[in-house]
Amino acid sequence: MKKELLAGNQAVARGAYESGVRVAAAYPGTPSTEILENLARYDAVYSEWAPNEKVALDVAIGAAYAGSRAMAVMKHVGLNVAADAFFYASMTGMEAGLVIVSADDPNMYSSQNEQDNRHYAKFARVPCLEPSDSQEAKDLVGVALSLSEQFDGPVMLRVTTRICHSNTLVELGERTAQEPPEPPEYRIDRSKYVMVPGNARRRHPVIEERTRQVQAFAETFALNRVEMDDTSLGIVTGGVAYQYAREVFPNACFLKLGMTWPLPEQMVREFAGRVDRLIVVEELDSFIEDEIRLMGIEVEGKGIFPICGELDPTIVRQRAIEAGLLPQDAAVPVRPSQAQGLPARPPLLCPGCPHRGVFVTTNKLKLVVNGDIGCYTLGFLPPLSALHSCGCMGASIGVAHGVSKAGIAQKNVAVIGDSTFFHTGMPALLNVAYNQSDTVVIIMDNRTTAMTGHQQNPGTGKTLMEQPTYAVEFEALVRAMGIQRVHTVDAYRLADVEAALRDCLEADGPAVVIARRECALLPVARKQWVTLAVDEDRCNGCGLCFRVACPAISKSDHLDDKTQRAKARIDPLLCTGCEVCAQVCVRRAISFREEIEGEEV
Amino acid sequence: MIKTTGMNFLLAGVGGQGTLLASNVLAHVGVRAGFDVKKAEVHGMAQRGGSVSSHMRWGERIYSPLIGRGEVDLIVAFEKLEVLRYVDMLRSGGTVLVGDMCIPPLSVSSGSDVYPDDAQIRRILGQATDDVHLIPSIRLAEEVGNVRAHNIVVLGALSNRIPQVSEAIWLEVISEWVPKRFVEVNRDAFQAGKTAGLSAG
């Protein structure tokens with residue numbers, strides 16, 4: 001059998017393909033994004049980017065109602081958005097398998113929190129499967145779909161950043177499920193699929209009984225397995241934590257859970273009875289530990305290992321030594337790090353980023369800015385320090401509206417990207433128009449979903465599967481919602497951005513500024529890159545251009561004779577020619593594109 | 001110093017430098033040589049020019065995709081500042097191979113931080129191990145005709161450290177992973193690095 005080195009995300013996509021998924025939907029979000037990007041390469045599976053995770057899950061549910069195996073994919077916080085659908089899907093069940101992939105982000109490599117979505121599984125009575133490498137990630141997609149069909153309910157596949165972005169060897173198989181010979185009939189069953197109170201009351205006991213059946217299944221599930229060795233220590237674990245524990249405790253007994261909810265109670269009880277000391281090694285919350293304690297079994301877990309952040313072999317080893325689970329001499333000798341004080345490489349807005357000029361302008365106008373989730377969130381960093389709140393997808397507009405209704409003296413501004421506006425910004429803008437606040441909304445339309453790596457969205461004119469489609473017109477959209485004051489500006493033209501903002505700030509009522517300019521890293525933008533230059537005779541080292549915080553601008557070795565300050569220099573390898581620095585320079589010391597291009601001609 | 005049972009590599013560089021390509025090549029060399037291989041990319045939010053690192057493990061049976069602190073056999077770095085961030089990951093007697101590319105972060109180019117000089121870099125690395133090798137990767141890559149092949153130069157130097165893997169495997173995998181029109185220059189880059197690696201110090 002052919003073995004390939006696959007990242008967890010590639011393996012999940014492969015698993016969906018092999019096990020006959022016909023419809024898959026997602027909203028991009030780190031660490032889950034590459035699952036649908038990989039799945040879109042298989043023509044046999046219809047894959048799409050939905051505007052948000054709730055829509056994606058409804059789409060997958062609809063496909064499963066219609067008899068096709070389906071998958072919805074999201075990052076952990078995406079399931080908050082999709083939670084309503086997650087709960088009703090558990091109540092109704094489906095006609096074909098439905099798997100919901102939740103990609104959690106311990107250590108918050110790219111997230112606002114590190115919520116543990118296994119709680120959602122228990123909350124909504126949805127079985128939860130957890131792979132500990134790419135092979136299991138692939139296999140468990142098929143298992144999830146079979147279980148979903150066997151027990152008539154959705155199944156969650158919970159992965160984490162470390163599983164998603166680690167490559168391990170995977171045995172590839174063929175696509176097994178056969179396509180139906182003709183389009184399936186839609187099976188009508190109103191008592192099952194119309195969740196009005198009367199039907200829901202009849203369904204609830206069915207769901208509780210389903211959980212008991214899944215629990216019985218868990219006792220015999222092959223991926224819940226016991227590995228016996230030295231019985232002085234027994235470890236219950238799952239997900240990538242299994243790998244760390246296996247490495248740190250090579251001789252311990254293991255109960256390795258492929259299904260982390262519901263737990264196989266008999267199996268746990270028997271395992272606990274065979275070992276002297278029982279511990280749980282799990283990332284984030286004390287989920288398995290609490291479940292075991294509820295069985296009345298003595299167990300340790302978060303008393304030893306941390307709740308916050310990601311585990312790794314070093315942390316597991318250190319905590320195990322401190323707890324007396326390993327001898328002192330099990331410690332790995334480490335030389336103290338010399339890395340303190342080294343210059344860091346913090347995340348930054350890229351050279352040529354169209355968001356930069358907008359923040360330079362909101363700073364100039366001393367505006368309070370309620371921000372959102374996307375590349376522009378980085379506008380909060382010094383020296384721009386231009387963004388003053390950021391909570392979750394789509395929050396900016398509602399928060400700004402609330403700030404306005406609280407009656408603060410100045411007008412405040414919401415800043416939101418194109419894809420985030422489609423995600424959850426639209427209902428909030430509708431609210432601004434409906435309830436009329438003095439909120440100015442800047443839609444940073446960079447023609448892509450940039451932060452997660454340039455995914456298509458309803459504004460780009462293309463689908464995930466590269467089909468041309470309608471590209472929404474923001475101006476018509478926001479006007480239809482009831483916003484009458486609408487400006488569209490080139491985000492690179494500071495004077496235009498400022499004039500539009502001033503017009504909105506001076507008038508009463510809601511307003512929208514669409515600051516449009518494609519992300520500087522898109523191919524269409526790269527073709528227009530030009531390198532600007534500093535005229536050292538004109539530059540006096542005033543430092544205004546340093547404050548635009550462009551990685552391409554730095555202090556040169558040359559000091560100005562009068563001011564004794566370093567003159568500016570532009571790195572020709574980094575500059576894209578956006579001209580934001582040239583526009584803030586009062587001494588006209590930085591060339592504009594015209595001048596450069598004129599010379600070239 | 002080469003363990004026959006397996007090896008732990010830590011690759012480090014700056015986004016856009018070819019660190020991930022090099023780690024893909026190294027991973028597939030390990031697979032083709034018959035090892036169980038795990039590779040974990042460690043990075044924060046997507047950005048140009050950020051720190052990039054990759055944990056890579058070869059062995060008979062690998063569990064954790066992450067390497068514990070003090071358990072890295074070989075640090076393979078493509079930038080001189082980045083290598084310093086990981087010295088505490090190295091096991092005693094471990095090896096450091098670093099290409100001599102220098103990419104100043106914004107705090108350095110804006111004048112608020114200083115990029116460490118070569119003596120300082122050697123001193124910090126020397127506190128961790130005696131087995132430190134600075135590879136003139138940029139000069140060698142330029143000599144074979146493409147500066148972007150500097151990452152493959154470093155892999156060439158690394159290949160000397162893994163004698164149980166044949167040169168044929170390296171060249172085969174490199175040919176599969178670099179764009180077709182750059183295969184020749186990358187094979188030359190590998191050879192240049194291999195020759196330099198024997199004498200570098």
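1. A short note on the overall build of chain B
Item 1. Per the secondary structure count, chain B includes seven helices and six strands.
Item 2. Traced from its N-terminal end to its C-terminal end, chain B shows the element sequence β-α-β-β-β-β-α-α-β-α-α-α-α.
Item 3. Taken over C-alpha atoms, the radius of gyration comes to 16 Å for chain B, in line with the 17 Å a tight globule of 201 residues would show.
Item 4. With respect to the three principal axes, the spread of C-alpha positions in chain B is 50 × 40 × 35 Å.
Item 5. Burial analysis of chain B (201 residues in total) assigns 54% to the buried set.
Item 6. In chain B, 68% of the contacts between residues at least 6 apart in sequence involve partners at least 24 apart.

2. Section: the overall build of chain A
Item 1. The helix and strand tally for chain A stands at 22 helices and 20 strands.
Item 2. At 28 Å, chain A has a C-alpha radius of gyration in line with the 25 Å of a compact globule built from 601 residues.
Item 3. Scored against the burial criterion, the 601 residues of chain A give a buried share of 53%.
Item 4. Look at the contacts in chain A between residues 6 or more apart in sequence, and 72% of them connect residues 24 or more apart.

3. Quick notes on the environment of Val 21 of chain A
Residue and element names in this part refer to chain A.
Item 1. Tracing the chain through its elements places Val 21 in the loop between helix H1 (8–18) and strand E2 (23–26).
Item 2. For the pair Val 21 and Arg 69, spaced 48 residues apart in sequence, the C-alpha to C-alpha distance is 4.6 Å.
Item 3. When residues no more than four places from it in sequence are discounted, the contact partners of Val 21 are Ala 16, Val 45, Arg 69, Ala 70 and Met 71.

4. Notes on the packing of helix H16 (residues 395–405) of chain A against helix H17 (residues 418–435) of chain A
Residues and elements named next belong to chain A.
Item 1. Across the interface, H16 lies against H17 with an axial gap of 7 Å and an inter-helix angle of 25 degrees. Classified by the angle their axes make, H16 and H17 are roughly parallel. The two elements H16 and H17 meet at a crossing, and its hand is left-handed. Contacts from Ile 397, Gly 398 and His 401 of H16 reach H17 at Gly 425, Ala 428, Leu 429, Asn 431 and Val 432.
Item 2. Grouping the amino acids of the contact of H16 with H17 by side-chain chemistry returns four nonpolar, four polar and no charged.

5. Re the pairing of strand E7 (residues 155–160) of chain A
All names here are of chain A.
Item 1. Across the six residues of E7, six count as buried, placing the element largely inside the fold.
Item 2. Every second residue of E7 is oriented toward a common face, with Val 155, Leu 157 and Val 159 on one face and Met 156, Arg 158 and Thr 160 on the other, all of them buried.
Item 3. Bridging between strand E6 (residues 128–129) and E7 involves two bridges; their strand directions are parallel. What sits directly across from Cys 128, in E7, is Met 156.
Item 4. Handedness of the crossover joining E6 and E7 through helix H7 (residues 134–151) is recorded here as right-handed.

6. Section: unusual backbone geometry
Residues and elements named next belong to chain A.
Item 1. In this structure, the amide linkage connecting Trp 261 to the following residue, Pro 262, adopts the cis form with an omega of -10 degrees.
Item 2. Secondary-structure assignment places Pro 262 in the loop between strand E12 (259–261) and helix H12 (265–274).
Item 3. Cis rather than trans, the peptide bond between Pro 382 and Pro 383 has omega equal to 5 degrees.
Item 4. By secondary structure assignment, the location of Pro 383 is in the loop between strand E14 (369–370) and H16.
Item 5. A positive phi angle, near 55 degrees, is found at Asp 152, a position not held by glycine.
Item 6. Assignment of secondary structure puts Asp 152 in the loop between H7 and E7.
Item 7. We classify Asp 152 as partly exposed; it has 17 C-beta atoms within 10 Å.
Item 8. Despite not being glycine, Gln 436 has its phi angle at roughly 45 degrees, a positive value.
Item 9. Turning to its location among the elements, Gln 436 is positioned in the loop between H17 and strand E16 (440–445).

7. Structural notes on the nonpolar core
Item 1. Ala 24, Ala 26, Ala 56, Ala 60, Ile 442 and Val 513 of chain A are the most contacted members of the largest nonpolar core, which has 182 residues in total.
Item 2. Examining the composition of this core, we find that nine residues originate from one element, helix H3 (residues 53–65) of chain A, more than from any other.
Item 3. Core analysis: the second largest hydrophobic core is formed by 61 residues, Val 25, Val 76, Phe 78 and Tyr 86 of chain B among them.

8. Regarding the interface of chain B and chain A
Item 1. Of the residues lining the interface, 43 residues belong to chain B; the matching set on chain A comes to 40 residues.
Item 2. Those elements that provide at least two residues to the side of chain B that touches chain A are helix H1 (19–32), strand E2 (36–42), helix H2 (106–109) and helix H3 (118–128) of chain B.
Item 3. At six residues, E2 of chain B tops the list of elements feeding residues into the side of chain B that touches chain A.
Item 4. Bridging between strand E8 (residues 166–171) of chain A and E2 of chain B involves two bridges; their strand directions are antiparallel. Along E2 of chain B, the bridge assignment pairs Ser 166 of chain A with Ala 40 of chain B.

9. Regarding the confidence of the model for chain B
Item 1. This prediction gives chain B a mean pLDDT of 91; 94% of its residues lie at or above 70.
Item 2. This complex was scored by the predictor with a pTM of 0.96 and an ipTM of 0.95.

10. Thoughts on the sheet that holds strand E6 (residues 131–135) of chain B
Item 1. Taking strand neighbours across the sheet as the criterion, the eight strands line up as E1(A)-E8(A)-E2(B)-E3(B)-E1(B)-E4(B)-E5(B)-E6(B) in an open arrangement whose pairing is mixed. Every interior strand has two partners, whereas the edge strands, strand E1 (3–7) of chain A together with E6 of chain B, have only one. If you compare each strand with its neighbour and ignore which way they point, the axes differ by 20 degrees on average.
Item 2. Across the face of the sheet, H7 of chain A comes into contact with E1 and E8 of chain A while running at roughly 60 degrees to E8 of chain A.

11. Focus: the sheet that holds strand E13 (residues 277–281) of chain A
Residue and element names in this part refer to chain A.
Item 1. Sheet architecture is open: four strands sit in the order E9-E11-E10-E13, paired in mixed fashion. Only two strands of the sheet have a single neighbouring strand rather than two, namely strand E9 (225–227) and E13. Going across the sheet, the axis of each strand differs from the next one's by a mean of 20 degrees, ignoring polarity.
Item 2. In terms of strand pairing, E9 meets strand E11 (residues 252–257) through three bridges, oriented antiparallel.

12. Brief notes about H3 of chain A
Residue and element names in this part refer to chain A.
Item 1. Compared with an ideal rise of 1.5 Å per residue, which puts 13 residues at 18 Å, H3 spans 18 Å between its outermost C-alpha atoms and is within 8% of the ideal.
Item 2. Of all 13 residues making up H3, eleven are buried, and the element is well covered by its neighbours.
Item 3. Of all the positions in H3, only Glu 53, Lys 54, Val 55, Ala 56, Leu 57, Val 59, Ala 60, Ile 61, Ala 63, Ala 64 and Tyr 65 are classed as buried.
Item 4. Close packing links the buried residues of H3 with E2, strand E4 (70–75), helix H4 (78–81), helix H5 (83–92), strand E5 (98–104) and helix H9 (190–193).
Item 5. With its phi angle positive at about 90 degrees, Gly 67 sits one or two positions after the end of H3.

13. A closer look at the environment of Phe 474 of chain A
Item 1. As for its placement among the helices and strands, Phe 474 of chain A is situated in helix H18 (residues 474–481).
Item 2. It is 8.0 Å that separates the C-alpha atoms of Phe 474 of chain A and Gly 459 of chain A, two residues lying 15 residues apart in sequence.

14. Remarks on H1 of chain B
Item 1. If you check H1 of chain B, its first and last C-alpha atoms are 20 Å apart, about what 14 residues at 1.5 Å a residue would give, namely 20 Å.
Item 2. In the stretch just after H1 of chain B, Gly 34 of chain B is the one whose phi turns positive, near 95 degrees.

15. Things to note about the pairing of E2 of chain A
Residue and element names in this part refer to chain A.
Item 1. What you see with E2 is no split at all: Val 23 and Ala 25 on one side and Ala 24 and Ala 26 on the other are buried throughout.
Item 2. The pairing of E2 with strand E3 (residues 46–49) spans four bridges and is classified as parallel. In the strand pairing of E3, Ala 25 is matched with Glu 48.
Item 3. In this fold, E2 hands off to helix H2 (residues 34–39), which returns the chain to E3; that crossover is right-handed.
Item 4. Where E2 and E4 come together, four bridges link them in parallel fashion. Residue pairing across strands places Ala 25 opposite Ala 72, the latter belonging to E4.

Conventions used here
- Residues numbered from 1 in each chain as written.
- Chains lettered and ligands numbered in written order.
- Predicted model: local features only at pLDDT ≥ 70, side-chain atom pairs only at ≥ 80, totals over all residues.
- Helix = DSSP H or I, 4+ residues; strand = E, 2+ residues; numbered from the N terminus.
- Rg over C-alpha atoms; globule rule 2.2 N^0.38 Å.
- Buried ≥ 20, exposed ≤ 12 C-beta atoms within 10 Å, placed from the backbone.
- Contact = placed C-beta atoms within 7 Å.
- Axes fitted to C-alpha atoms, helices over the stretch in contact; angles between N-to-C directions.
- Parallel < 35°, antiparallel > 145°, perpendicular 65-115°, else oblique.
- Left-handed = near helix turned anticlockwise from the far one by under 90°.
- Nonpolar A, V, L, I, M, F, W, Y, C, P; charged D, E, K, R; others polar.
- Pairing = 2+ DSSP bridges.
- Right-handed = clockwise from strand over helix to strand, strands pointing away.
- Core = buried A, V, L, I, M, F, W, Y, C linked by C-beta atoms within 7 Å.
- pLDDT = per-residue confidence, 0-100.
- Expected span 1.5 Å × (residues − 1).

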